[in-house]
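# Summary of the model geometry
Next come the chains, spelled out residue by residue.
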Amino acid sequence: MDATTLGAILACVGVLSGSVVAYIGKRGETANSLTDQVQEERDGLVRRLAEKDAQISALEQQRHDYLVRITQLEIENIRLGGNPNP
């Protein structure tokens, strides 16, 4: 094998290995981009979940307040001589 052939083979190997490295690098970049998108979406969902939890807590407190008021009104009704089981 003469030097020209050997040089050509080494050049082809170099080009192919460079192409493989570039391909792998691009795939890694794409994976990082997808990971960033998933993390952003997850953060948004976590925020929405926290908002929903706060709404549920507020509604539970409102329900509790209503039940207390209903009980107070039932007691007042009985105190005024009304039917305890209307």
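Residues numbered from 1 in each chain as written. Predicted model: local features only at pLDDT ≥ 70, side-chain atom pairs only at ≥ 80, totals over all residues. Heavy atoms only, no water.

### Some thoughts on the overall build of the chain
What the chain contains, in helices and strands, is 1 helix and 0 strands. Looking at the 86 residues of the chain, the share that counts as buried comes to 1%. Surface exposure of the chain reaches about 7700 Å², of which carbon and sulfur atoms provide 62%. (Helix = DSSP H or I, 4+ residues; strand = E, 2+ residues; numbered from the N terminus. Buried < 20%, exposed > 50% of the residue type's maximum accessible area, 1.4 Å probe, protein only. Areas by Shrake-Rupley, 256 points an atom, 1.4 Å probe, with all protein chains shown as cover.)

### Structural notes on the pattern of salt bridges
Using the criterion set out here, one finds 2 salt bridges in the structure. The partner of arginine 42 in a salt bridge is aspartate 43, and the shortest N-O contact between them spans 3.0 Å. Residue arginine 79 is joined to glutamate 76 by a salt bridge in which the shortest nitrogen-to-oxygen separation is 2.5 Å. Taken together, the positions of arginine 79 and glutamate 76, both in helix H1 (residues 3–79) and 3 residues apart, correspond to about one turn of that helix. The class for glutamate 76 is partly exposed, based on a relative accessible area of 31%. (Salt bridge = Lys/Arg side-chain N within 4 Å of Asp/Glu carboxyl O.)

### A short note on a nonpolar patch on the surface
A surface patch of nonpolar side chains, about 300 Å² in accessible area, is lined by Tyr66, Leu67 and Ile70. Residue position: leucine 67 is located in helix H1. (Patch = residues over 30% accessible without salt bridge, like charges linked within 9 Å, V, L, I, M, F, W, Y side chains within 5 Å.)

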